[in-house]
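Close look at the chain arrangement
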Amino acid sequence: MAKNTKIQWCDDTANPIMGCLGCELFPKPVKVTNAIDRKLQEAGYQWPSGKAYELLDVIIDMAWKALSEEQRDPEFGLLPGVTTSSIYHARDVVGQEIAKLLDEDAAKLVVETIERQLTCYAAILHLNRGRNLFSPERQMINGYAPMFESPTPFAGRLEKAACSKSLVCQERPGKPWLNDLPRLIFVSDMGDAFSRQDDFDFLREEVEWIASSKGRRHLWLWLTKRPQAMASFAKQLGGFPENVCAMTTVTSAKSLYRIDKLRQVDAGMRGLSVEPLWESIADKIDLSGIDWVIVGGESDRKRKSEPFALEWAIELRDRCREQGVAFFVKQLGSRPMQGGQPLKLKDSHGGDWSEWPEELRIRKMPKCFWDYRSTSAAWSQDAKHLAAIDSDWG
Ligand code: SF4
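The shown structure was predicted, so the numbers you read here are calculated from the model rather than taken from an experiment. (Residues numbered from 1 in each chain as written. Predicted model: local features only at pLDDT ≥ 70, side-chain atom pairs only at ≥ 80, totals over all residues. Heavy atoms only, no water.)

1. Remarks on the overall build of the protein
Let me state the cut-off plainly: In this description a helix means any DSSP run of H or I spanning at least four residues, a strand means any run of E spanning at least two, and both kinds are numbered starting from the N terminus. Computation of the radius of gyration draws on C-alpha atoms alone. For the globule rule, the value is 2.2 Å times the number of residues to the power 0.38. Working definition: with a 1.4 Å probe on protein chains only, accessible area under 20% of the residue-type maximum means buried, over 50% means exposed, and in between means partly exposed. Between two residues, a contact is recorded if the distance between any of their heavy atoms is within 4.5 Å. Residue-level accessible areas treat just the shown protein chains as cover; the underlying method is Shrake-Rupley with a 1.4 Å probe. The positive count covers Lys and Arg only, the negative count covers Asp and Glu only, and His and the chain ends enter neither. To locate a charge, take NZ of a lysine, CZ of an arginine, CG of an aspartate or CD of a glutamate.
Across its full length, the protein carries 14 helices and 13 strands. In summary, the protein has a C-alpha radius of gyration of 23 Å against a globular reference of 21 Å for 394 residues, a match within 12%. Taking all 394 residues of the protein together, the buried fraction comes to 55%. For the protein, long-range pairs separated by at least 24 residues make up 72% of all intrachain contacts whose partners lie at least 6 apart in sequence. For the protein, the exposed surface amounts to about 18300 Å²; the carbon and sulfur share of it is 49%. In the protein, 53 side chains carry a positive charge and 56 a negative one; their mean positions are 2 Å apart.

2. So, a negative patch on the surface
Test applied: A patch is a set of surface residues, each over 30% in relative accessible area and not in a salt bridge, joined within 9 Å for like charges and within 5 Å for the nonpolar side chains Val, Leu, Ile, Met, Phe, Trp and Tyr. Any Lys or Arg side-chain nitrogen located within 4 Å of an Asp or Glu carboxyl oxygen qualifies as a salt bridge.
Residues Glu69, Glu70, Asp73, Glu75 and Glu137 make up a contiguous surface patch of negative charge. Within the secondary structure, Glu75 sits in the loop between helix H3 (69–72) and helix H4 (84–89).

3. Here's the deal with the site of the ligand
This is how the line gets drawn: Whether a residue is near a molecule or strand is decided by its heavy atoms; if any one of them lies within 4 Å of it, the residue is near. Ten residues, namely Ala, Val, Leu, Ile, Met, Phe, Trp, Tyr, Cys and Pro, are considered nonpolar, four, namely Asp, Glu, Lys and Arg, are considered charged, and the remaining ones, Gly among them, are considered polar.
Close contacts around the ligand come from Cys20, Gly22, Cys23, Leu25, Phe26, Cys120, Phe148, Gly191, Asp192, Lys225 and Arg226, and that covers them all. Among the residues making up the shell around the ligand, the classes are represented as six nonpolar, two polar and three charged.

4. Looking at the pattern of salt bridges
Within the structure shown, the criterion is met by 17 salt bridges. We note a salt bridge from Arg183 to Asp12, for which the minimum N-O separation is 2.5 Å. Note that Arg183 is positioned in strand E5 (residues 183–187) and Asp12 in strand E2 (residues 12–14), a separation of 171 residues in sequence. Taking relative accessible area as the criterion, Asp12 reaches 8% and is therefore assigned buried. Taken together, the shared-partner salt bridges in this structure form one network comprising Asp260, Arg263 and Asp286.

5. Points about the layout of surface pockets
Here is the rule: The distinction between a cavity and a pocket rests on a 1 Å grid over the protein atoms alone: a 1.4 Å probe fits inside a cavity but cannot get out, while a pocket stays open yet meets protein on both sides within 12 Å along at least five of seven lines, and a residue with an atom within 4 Å of a point counts as lining. Grid points are joined across faces, edges and corners, and a volume is the space filled by probe spheres set on the points.
Reported here for the second largest pocket is a volume of approximately 890 Å³. Taken together, 32 residues line the second largest pocket, and the ones lying closest to its centre are Glu24, Pro27, Lys31, Gln117 and Trp278. Elements that contribute at least two residues to the lining of the second largest pocket include exactly helix H1 (29–42), helix H6 (104–117) and helix H11 (257–263). Ranked by the residues each element gives to the lining of the second largest pocket, the list is headed by H1, at six residues.

6. Let's talk about the pairing of strand E6 (residues 218–224)
Here is the rule: Strand pairing is assigned whenever DSSP detects at least two bridges linking the two strands. Think of it like this: strands point away, you trace from the first strand over the helix to the second, and a clockwise trace means the crossover is right-handed.
Most of E6 sits inside the fold, with seven of its seven residues counted as buried. Neither face of E6 is left uncovered, since the one carrying His218, Trp220, Trp222 and Thr224 and the one carrying Leu219, Leu221 and Leu223 both have all their residues buried. As paired strands, E5 and E6 are joined by five bridges and run parallel to one another. Counted as the bridge partner of Val187 is Trp222 from E6. The parallel pair E5 and E6, bridged by helix H9 (residues 200–211), forms a crossover whose chirality is right-handed. When E6 meets strand E7 (residues 244–249), the two strands line up parallel, connected through five bridges. Looking at E7, one finds that Leu221 is bridged to Cys245. Running through helix H10 (residues 227–237), the crossover from E6 to the neighbouring parallel element E7 is right-handed.

Treat this as a map of the structure, not an account of what it does.
Written out as structure tokens, the structure is:
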């Protein structure tokens, strides 16, 4: 799934770079250890600030020293020092130490705190498929970054996606919102391609596939939490190809600043992924220059997700309507709330729209996608070709 994947709400995904330098869904190590300190203090334990980091530093250093020379070689893929991945992989060992220092309840609290801090789906997959300092013999799964914090380029993925069959004029069974549109390819759901400027040369070559005659038959949705870096990259290109929708993520009022940065990206289409939404943002959001808003609640099978109040989505829908922005509800998440009460759904991710309140069964595509479809020479040639095939069949 990591190379060119299928996801429910669009046609495909493609990841030229796997891995990422993190964000609020995969915080820096010190943020994780600060959260541990805070949770222990709030629970009434005598626990000085900074002690969780010191403890993890010792545990991780011991694990590093126990590695063979070959496993310490950068080629092997493990990163030295306290990293967010190593904290996650160390959580059981940390729990055992905390049980000795404090008690079993504290140990449980610490393990839960570590797990709750890491909510990025791409990161969780990497943590389970990449290198593990505490289990160095474990085989890595090909196609992933060795550690999530080591963004790793994979040449050829955008080429493969660009060469996919055109879907213009085609129905998508079970996905009526996509009918007739060019193939929608979501770029970067397994990392953030704009984590490092060093990768820009690689990306420039890969983007040529998006702008190629094959790539122009599709629409590419490129998501980043680093819209400033995306803006620099697009500037180097002289602007993104016209079939790229530049997108960024907003999860709360704190990340609204990303929308201003997104407006600086030289692109013909812009969208927001407001997912997971953690609080009401409708009265603070500025949607000028934005074509599309996708909204969703947090969903995680293993841990208790943050709640998602449907009222936040409804307010946002109304703002979108006022400003002529297409609105798309992706999922209600694992913990939807309505009127302050949990909304019980059969689908554990809240992804089955037949279960949603009617007022939120909305999956609109932006006008710019339809404009691209109707004006693009790339696909209209396809349409002529398809028409020729149709007439051959009488
Ligand atoms: S891949 Fe996206 S969600 Fe995950 S850590 Fe990176 S920026 Fe955050």
